[in-house]
Every structure is written in structure tokens, then in C-alpha cells.
Amino acid sequence: MTTAGTAHETTTRTGPAAARQHSLREHNLELVARAVFEVPEPLSRAGVAAATGLARATVSTLVDQLVAARLVRELPAVTGGRAGRPAVPLVPAPRSVVGLGLEVNVDYLGVRVLDLTGDVVVDRVVPGALHDSDPAVVLRRLGDLAREVCDVVAAAGMTVAGARLALPGLVDPRTGLLEVAPNLGWSTLDPVPLLGLGELPVRIANEAKLAALAELAGGSDVAAPDSFVFVSGDVGIGAAIVVDRALFLGERGWNGEIGHVVVDPAGPRCSCGAFGCLEQYAGKEAMMRAAGLPPDAPLAALVALLTERDAAAPGETADLPAARALGSALADFVNLLDVSTIVLGGAYTELLPWLRADVEAVLADRVLAAPFVDLEVRAAQAGPQAALTGGAREVLRAVLADPAAWV
């Protein structure tokens with residue numbers, strides 16, 4: 001069988017064939033990079049050759065290029081108790097090329113830097129009340145914060161590969177436009193130029209979708225399932241649909257607006273203009289009001305109140321009225337999508353102990369397939385402000401998809 005390595009070696013060097021050789025080299029670089037990045041234990045050059053089917057000489061040359069580009073790092077050689085040349089384990093290079101996650105949410109601005117190992121290098125989250133805010137002012141503030149962070153990592157010898165900007169609303173990644181973000185009061189906006197980040201490549205994405213991508217990386221407790229519905233609960237409520245470890249985006253990438261599923265047509269008016277949307281029952285501000293707390297109170301205040309109520313009635317769990325509304329909307333999603341795992345992120349991660357029983361009861365009542373499948377409701381593993389992590393990871397995923405650009 002002809003391997004990619006031997007095909008590379010026999011390609012001619014003139015005319016169109018040279019272009020084919022160049023393309024094959026790029027392909028092989030990606031194969032080698034993925035072999036290094038996507039294994040639980042470090043591989044040596046020989047291990048990479050075995051995993052990719054490339055010739056050892058080809059792998060050695062490509063690894064040298066990835067090391068020189070500071071994408072891959074060589075660990076100290078190990079003998080493994082065998083005769084012959086010691087193996088040199090290969091791992092993603094730390095603190096070299098980094099990705100930048102940016103986010104505007106209703107109550108904070110955030111910037112997070114991740115390196116190729118997945119470690120957080122810098123993390124800045126600035127609280128704020130951004131309802132009906134001026135996008136030019138807010139995005140300029142975020143851009144200033146991002147420049148400060150970029151200066152910090154550049155001074156430490158790192159290169160920022162690009163940025164992803166997470167926004168809570170309908171985002172068109174093809175045009176780079178934010179169509180509408182009801183809770184921010186923004187519409188028909190080109191946000192990237194307002195950041196003022198010059199030549200840094202910046203792309204925009206929906207907050208919940210980036211958070212779901214962060215979830216795919218897994219956490220310390222459990223691995224992410226291959227398919228799930230991710231629901232991000234904050235002032236607004238967004239969702240993302242993951243099927244076979246890839247986002248399902250629909251026609252324009254605008255799916256997942258579960259916060260605007262109508263729970264009660266006679267309910268209160270929503271910021272989107274409709275009545276009785278889920279956000280008016282299970283959004284963070286709505287939950288605060290239902291608990292008798294100020295709408296802008298921190299989530300910790302609600303958690304403390306619910307904990308006190310539990311302590312006052314041992315053996316019972318405090319009621320959270322949002323749970324049944326959330327369960328109702330989730331049941332619609334499960335009936336439509338045939339996905340059996342629901343991952344709750346954002347504020348819902350901390351509130352899951354008071355949401356779970358009623359959400360699961362509504363799912364059992366309303367999901368047609370409930371008697372035949374195990375419906376699972378689980379807490380997100382990606383941590384706070386997961387869209388920042390997802391955005392930075394997406395930047396680095398693009399680096400891994402085209403390592404030749406860095407060689």
C-alpha cells in the first residue's frame with residue numbers, strides 16, 4: 001500500500017505537480033500535528049509515524065518544523081528499558097502560540113487567553129450592567145482590555161493567533177454582523193471594528209455555541225458525550241446543539257434560541273417583544289425576582305437563600321419555580337431533536353441541585369421517548385464564562401487545522 005509519506009517523496013517538482021506537493025506537505029503537517037495534539041499520552045516520532053502511516057523520515061522532518069514553529073515541544077528522551085535510540089516524547093508547546101477569547105454579556109466583559117496545552121494564561125472578567133448599553137462604548141472598553149492582555153502575553157514571548165468574540169444574540173458568522181442581542185439592546189451591528197484591535201484576526205460567534213464547544217473538551221469529572229443539548233442560563237438563555245461532536249448550526253447558525261421559546265402566551269412581555277418567553281421565568285433576573293431578591297443580585301445570593309431554605313426543612317429541597325418552565329422548553333427540544341443528554345451551563349450549573357427534580361419530572365411527562373431512553377440532565381464541566389474558553393479554543397483549533405501557516 002502506498003502511504004502518504006511515499007506519495008510525498010515521489011511527487012515531481014515542476015509545474016502543477018509542485019503545487020500538489022506543497023498541498024500534500026500542508027496535509028501531512030496537519031496529520032502530524034493532530035497526532036501529537038489528540039492523544040492522551042505523548043507519542044515519539046516513531047509513534048507518530050505509526051499513527052499517521054507516514055514514513056519515519058517524513059515525520060522527523062515535519063516534527064522538526066513544528067518544533068521550530070513553537071507548536072510542538074520535545075520532552076526529555078526516555079529509554080523505556082529497551083535497546084536502541086531513546087524515544088523523545090512530543091507534546092503541545094506551552095506558552096507559545098495562544099488564542100484569545102472575548103465576550104460581552106449582560107453583566108460582564110471578559111478576556112481569556114489559552115495556550116496550546118489548554119492552560120489558561122490570562123483571565124480577566126470585569127462586572128458591569130450592560131442592559132441597553134452603547135455598543136461603541138462597550139466594545140471599545142473590551143478592546144482596551146484585550147490590548148492590555150495582548151501586551152502582557154507578548155512581553156512573555158507568546159504570539160496571539162487571533163480572537164473569537166462571543167455575543168449573546170443572533171450572530172451571522174458569514175458576514176461578521178450581530179443581527180440582534182435583545183438583552184443588550186443591540187441590533188444590526190458590525191462589532192469587530194469597534195474593538196479597535198487593528199490587524200488581529202477577530203471572528204464573532206454566539207455565546208452559547210462557543211460555551212458548548214468548550215464543553216466538548218471535557219472536564220475533571222466526566223467526559224463530554226458525543227451528542228447533547230447545551231443550555232447556557234444567564235439573564236438570557238441560549239442553547240447549542242451538538243451532534244457527533246460537531247455543532248449543528250441550521251441554515252444561518254441562528255438555532256438554539258431556547259430563551260425565546262414561549263412558555264405561556266399570556267405571560268409577561270420579553271425584551272424580544274414577544275410574551276411569555278422562557279427568559280421571563282428561568283432567566284437569572286427572573287429567578288432573582290421570584291426569590292424576592294434584587295434582579296441584579298449576584299448568583300451567590302440566590303444559592304445562599306436556597307441553601308438556607310434547605311437547612312430550615314431537612315429532607316426537602318427548596319422549590320425553584322423556574323425549573324418547570326425550563327423543563328417544559330427542554331422537553332420541546334428533546335422531542336424535536338432526539339438528543340438524550342442535556343448539559344446545563346452558566347447559572348444553571350450552580351442551581352442544578354434545585355432544578356433537577358422538577359426538570360426531570362417534566363421531561364419524563366412530556367418527552368414521548370422517555371419510557372424508552374435514559375434522559376440525562378448534567379452540569380456543565382467547562383467552568384465559569386465558558387464561552388471565553390470556547391472562543392480561545394476555536395482560535396487554536398484553526399491553528400491546528402493549518403499548521404503550515406506557522407511553519
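Our subject is the structure listed above.
Residues numbered from 1 in each chain as written. Predicted model: local features only at pLDDT ≥ 70, side-chain atom pairs only at ≥ 80, totals over all residues. Heavy atoms only, no water.

Student: Please clarify how the sheet that holds strand β15 (residues 376-379) should be interpreted in this entry.
Tutor: Paired through backbone hydrogen bonds, the strands of a sheet run either parallel or antiparallel to each other. With mixed pairing, the five strands of this open sheet are ordered in space as β13-β12-β11-β14-β15. With partners counted over all chains shown, the strands left at the sheet margins are β13 (246-248) and β15, one partner each. Neighbour-to-neighbour, the strand axes of the sheet open up by a mean angle of 30°, direction not taken into account. Two elements, strand β14 (residues 341-346) and β15, share four bridges in a ladder whose sense is parallel. Within β15, the position partnered with L344 by the bridge is A379. Across the sheet, helix α7 (residues 207-216) lies against β11 (228-233), β12 (237-243), β13, β14 and β15, angled at about 125° from β11, the strand it touches most. Contacting β11, β12 and β14, helix α11 (residues 322-337) runs over the sheet at an angle of about 135° to β14. (Pairing = 2+ DSSP bridges. Helix = DSSP H or I, 4+ residues; strand = E, 2+ residues; numbered from the N terminus. Axes fitted to C-alpha atoms, helices over the stretch in contact; angles between N-to-C directions. Contact = heavy atoms within 4.5 Å.)

Student: Help me understand the nonpolar core in this model?
Tutor: Side chains that are nonpolar tend, in soluble globular proteins, to be buried together. By size, the foremost hydrophobic cluster in this structure holds 41 residues, and its most contacted members are V231, I258, L326, L330, L344, Y348 and L351. If you list the elements that add at least two residues to this core, you get β11, β12, α9 (284-290), α10 (299-312), α11, β14 and α12 (347-366). Of the residues forming this core, the biggest block, nine residues, is contributed by α11. Beyond its immediate stretch of four places on either side in the chain, L351 contacts M287, L299, L302, V303, L306 and L320. Of all hydrophobic cores here, the second largest spans 36 residues; its members include V106, L109, V111 and L189. (Core = buried A, V, L, I, M, F, W, Y, C linked by side-chain atoms within 4.5 Å. Buried < 20%, exposed > 50% of the residue type's maximum accessible area, 1.4 Å probe, protein only.)

Student: Would you explain the side chain of S133 in this entry?
Tutor: By the element assignment, S133 lies in the loop between β5 (120-127) and α5 (135-155). Not counting residues up to four positions away in its chain, the partners in contact with S133 are V138, L184 and W186.

Student: Can you walk me through the sheet that holds strand β4 (residues 108-115) in this structure?
Tutor: Strand order in the open sheet made by the five strands is β5-β4-β3-β6-β10, with mixed pairing throughout. The outermost strands of the open sheet, each flanked by one partner alone, are β5 and β10 (202-206). Looking at each pair of strands side by side, their axes are set apart by 15° on average, direction ignored. Sheet topology note: the strand β6 (residues 159-167)/β10 ladder contains five bridges and is parallel.

Student: Explanation requested: the state of the cysteines in the structure shown.
Tutor: Two cysteines joined by a covalent bond between their sulfur atoms form a disulfide. Scanning the entire structure with this criterion turns up zero disulfides. Of all cysteine sulfurs, the one in C272 lies closest to C277, which takes part in no disulfide; the gap is 3.7 Å. Looking at C277, the relative accessible area reads 0%, which means it is buried. (Disulfide = S-S within 2.5 Å.)

Student: Got a minute to help me understand the environment of V171 in this structure?
Tutor: Along the chain, the position of V171 falls in strand β7 (residues 170-172). Once the C-alpha coordinates of V171 and D132 are considered, the two residues, 39 residues apart in sequence, prove to be 18 Å apart. When residues no more than four places from it in sequence are discounted, the contact partners of V171 are L177, L178, I204, A205, N206, R252, G253 and W254.

Student: I would appreciate a short explanation of helix α13 (residues 386-401) in the present structure.
Tutor: Because an α-helix completes one turn every 3.6 residues, residues spaced three or four positions apart along the sequence face the same direction. Relative to the 22 Å expected for 16 residues at 1.5 Å per residue, α13 spans 22 Å between its end C-alpha atoms, a close match to the ideal helical length. Of all 16 residues in α13, 12 are buried; the element is thus mostly enclosed. When we look at burial in α13, the residues that qualify are A386, A387, L388, T389, G390, G391, A392, E394, V395, L396, V399 and L400. (Expected span 1.5 Å × (residues − 1).)

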